[in-house]
Every structure is written in C-alpha cells, then in structure tokens.
Amino acid sequence: MASWTDWKLNDILWGIIIPVIVGFLIIIFPTELRSIINDVDSSGILNSILVDGLGEALLTVGIPMFAGLVWNKWAGGGAGFMLGSIYALYVNDTFAALGAFDANTMMVGEISNLGYVVCAMLTGYIAGALNRDSFSFRRMVVAGLVAGIIGGMFLLWTQLISPFGMVTGDSLFTGDLTENSLFLNLLPRLIYGILVPLFATLFGWFGISPKQMG
C-alpha cells in the first residue's frame, strides 16, 4: 500500500496521462470521424458501426466480454447487467426525446430495451464461462466470438419482435428484416470478439489482471 509521499512516474502516466488521452479520444473520435466516413461510405453503414454504434458496442459487448475474459463469468455477467441497463436507459431517453412513441406505447415497456440488458449480460457471462480463467489467446477468441454472436442474436430477436421494428426496413419503425440488419448487429461483435481477447492477453502479459498468468 502506497503512502501519501510515495509518488512515482508510473502514477502520473497511468493515473493521469493515459486516462486523459483515452477520454480525449472517446470525445474526438465520433466528432471528427463521422464526416470522414461519410465521404468514404455515403450509405451510412460504416458510420452506424464505427461511430453511432461505438457506445453500444463498448457497453454491451466490449467491456462485459473483457471482464469475463480477464476475471470470471460472474464479473462478466455482472458488468453486462449494469452496463446493459445503462445503455437501455440511454436508448429509452433518446426515443423519448425524439417523440417516437405515445402514451399507449411507452418505451419503458418496450422489449428491445430488455434485449440490451440480456445481450450484455450473456456476452460477459458466456465469455467468462467458456474461457475458464485461461490466458490462451485462441481460447479467448473462441469464447469471445461465441459470446458475442449469442448475445447479438438475442438482441436481434428482441428488436425483431419489437412493435417499433428497430432493425427493420428502410425506416426506423417499418419494413422486413434485411441483410443489413444482421450485418450491423453481428459485425461489431465479431470484431470485438478478436480485439478484446488481444487486449486481455496484453493485460495478462503485464500482470494488469485480477488473476495471475501461469
């Protein structure tokens, strides 16, 4: 345990500089990247994945999966439950601000909100349960991909049966399931299923993990 006089350069680096850089990137990433991506892909698909979907991917996929891989299934499931609930509240407030529903179809009773919670919770729990404290990169990739796909399919299911039709057609509320819906839902989870195990492996190498690397 460090005393009040025990200050090191690493304290400044990891306690101030790195968190400030990460916070800066989180803010500047969507504000600057959106226009660049629009010039490359006018359809909006890449923006949906890399910019608009960044918060959803981090809260319902990335962080719960990471907690499951570097700690255990209970940490992953717990992180997923809490962060999925936070994102569900954000979605609820967004729809309310847009006036997208009336008094007879309140978003608070909308099934896709529950989908975010279940998706995140399953992703974190399954990643940890399949990994079983392993630091094998290959095993973590398999666990991450399986967890991401299963969580994504549950989310897609709740969005499909939603009366709002959140992932269907050309508009927000109408139409039939398209290939884009499945693509937008699963592609980020496949990407995170590879990136998150990579970060988990690096954390294990440097001993920044709740469990010891054997």
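Residues numbered from 1 in each chain as written. Predicted model: local features only at pLDDT ≥ 70, side-chain atom pairs only at ≥ 80, totals over all residues. Heavy atoms only, no water.

1. Considering the overall build of the protein
The helix and strand tally for the protein stands at 7 helices and 0 strands. Across the protein, helices and strands are ordered from the amino to the carboxyl terminus as α-α-α-α-α-α-α. Expressed as a percentage of the 214 residues in the protein, the buried residues total 37%. Only carbon and sulfur atoms are counted for the fraction: they give 71% of the accessible area of the protein, which is about 12,700 Å². (Helix = DSSP H or I, 4+ residues; strand = E, 2+ residues; numbered from the N terminus. Buried < 20%, exposed > 50% of the residue type's maximum accessible area, 1.4 Å probe, protein only. Areas by Shrake-Rupley, 256 points an atom, 1.4 Å probe, with all protein chains shown as cover.)

2. A closer look at the nonpolar core
Within the largest apolar cluster, 13 residues are counted, with the highest numbers of intra-cluster contacts made by Met65, Leu69, Ala127, Tyr192, Val196 and Ala200. Sorting the residues of this core by element identifies α3 (54-70), α5 (111-131), α6 (137-160) and α7 (179-205) as the ones contributing at least two each. Of all the elements, α3 adds the most residues to this core, at 5 residues. Apart from residues lying up to four places away in sequence, Ala127 is in contact with Met65, Leu69, Leu122, Ala143 and Ala147. Within the second largest apolar cluster, 7 residues are counted, among which are Ala88, Val117, Cys119 and Leu155. (Core = buried A, V, L, I, M, F, W, Y, C linked by side-chain atoms within 4.5 Å. Contact = heavy atoms within 4.5 Å.)

3. What to know about a nonpolar patch on the surface
Nonpolar side chains collect at one region of the surface, where Leu9, Ile12, Leu13, Trp14, Ile16, Ile17, Val20, Ile21, Phe24 and Leu25 lie side by side and expose about 1,000 Å² of accessible area between them. The topology assignment puts Leu9 in helix α1 (residues 9-40). (Patch = residues over 30% accessible without salt bridge, like charges linked within 9 Å, V, L, I, M, F, W, Y side chains within 5 Å. Salt bridge = Lys/Arg side-chain N within 4 Å of Asp/Glu carboxyl O.)

4. Description of unusual backbone geometry
The phi dihedral of Arg132 is positive, around 50°, even though this residue is not glycine. If you trace the backbone, Arg132 turns up in the loop between α5 and α6. Phi is positive for Asp133, which is not a glycine, with a value near 65°. Here Asp133 shows up in the loop between α5 and α6.

5. Focus: the packing of aromatic side chains
All told, the structure shown has 5 aromatic pairs when counted by the stated rule. Measuring from ring centre to ring centre gives 5.4 Å for Trp74 and Tyr125, while their planes differ by 70°; the resulting arrangement is edge-to-face. Separated by 51 residues along the polypeptide, Trp74 in helix α4 (residues 73-98) and Tyr125 in helix α5 bring together distant segments of the chain. For Tyr125, a relative accessible area of 30% corresponds to the partly exposed category. Measuring from ring centre to ring centre gives 5.0 Å for Tyr87 and Tyr116, while their planes differ by 70°; the resulting arrangement is edge-to-face. Taken together, the residues Tyr87 in helix α4 and Tyr116 in helix α5 connect sequence positions 29 residues apart. By relative accessible area, which is 9% here, Tyr87 ends up buried. Chaining the aromatic ring pairs together yields one cluster made of Tyr87, Tyr90 and Tyr116. (Phe/Tyr/Trp six-rings, centres within 6.5 Å; stacked < 30°, edge-to-face > 60°.)

So, to be careful, I would describe these as geometric facts and stop short of saying anything about function.
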